[in-house]
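The chain contents come next:
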Amino acid sequence: MNIHEAIRTRRSIGKVQDTPISQDKIEQILEAGTWAPTHRHTEPWRFFVMTGGGRDLLGHVMADISEASAQDKSEEELAAAREAAIGRAYRAPLVIGVAVAPADDPKVIELEEYGAAFAAIQNMLLEIHGLGLGAVWRTGDFCYKPQVNEAFGLGERDKMLGFLYIGEPDMTPKEGRRESAASKTTFIDQSTRRLES
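All values derive from a computational prediction rather than experimental measurement. (Residues numbered from 1 in each chain as written. Predicted model: local features only at pLDDT ≥ 70, side-chain atom pairs only at ≥ 80, totals over all residues. Heavy atoms only, no water.)

### Things to note about the environment of glutamate 113
Here glutamate 113 is to be found in helix 5 (residues 110-130). With a relative accessible area of 0%, glutamate 113 lands in the buried category. Along the chain, glutamate 113 and tryptophan 137 lie 24 residues apart, while their C-alpha atoms are 19 Å from each other. When neighbours within four sequence positions are excluded, glutamate 113 is seen to be in contact with His39, Thr42, Pro44, Val100, Ala101, Pro102, Ala103 and Val108. At 2.6 Å, the side chain of glutamate 113 forms a polar contact with the side chain of threonine 42. Within polar-contact distance, the side chain of glutamate 113 engages the backbone nitrogen of alanine 103 at 2.9 Å. (Helix = DSSP H or I, 4+ residues; strand = E, 2+ residues; numbered from the N terminus. Buried < 20%, exposed > 50% of the residue type's maximum accessible area, 1.4 Å probe, protein only. Contact = heavy atoms within 4.5 Å. Polar contact = N/O pair within 3.5 Å; in protein donor to acceptor, adjacent residues only side chain to side chain.)

Structure representation (structure tokens):
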């Protein structure tokens, strides 16, 4: 598929089969991420590949965070919530965590480091789609908790930007919809003196 088609047909696929993903496909996905644009060539992305029992790391940190925020729950309710949290890490045979580790160089703008890591995620999602696989990029408040940084060995300034759940699609994606580019665009040329409100 060409890039025009890939951009317009990629969809979030939240339901996938449990079939393992081959190592060569995993490496293709990771390599795609590394070709994102990066200011000053800092390459601030960090990837965490979880398959098989390796997904326990994610499951247990999700369970710990869920348990820490639980109030007035019985032991049985806590155990059930913990089991459910761990199960969420097993929704796909391959989970890739993507984090940003901003450079310490004062000349590097931290926000641009985030932009590069987000671009890496988009590259990965397009590569996944091009390989005929499905993926969903899961985020949420829990990603930014100190427990996640600790579990994945991230520094204090680093942030986990989400987890890509990847597998053979097991659902039909909905048709995509977007507002027109024209509705979000202002054209400015030399004849334009100022933006009209």
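### Observations regarding the packing of aromatic side chains
Pairs of aromatic rings are described using the distance from one ring centre to the other and the angle between the two planes. The final tally for this structure, using the stated rule, is 5 aromatic pairs. The interplanar angle of 45° and the centroid separation of 6.0 Å between the aromatic rings of phenylalanine 118 and tryptophan 137 together place this pair among those described as tilted. With phenylalanine 118 in helix 5 and tryptophan 137 in strand 3 (residues 134-138), this pair connects stretches of sequence that are 19 residues apart. Both rings, one in phenylalanine 142 and one in phenylalanine 163, keep their centres 5.8 Å apart while their planes meet at 15°; by these two values the pair is stacked. (Phe/Tyr/Trp six-rings, centres within 6.5 Å; stacked < 30°, edge-to-face > 60°.)

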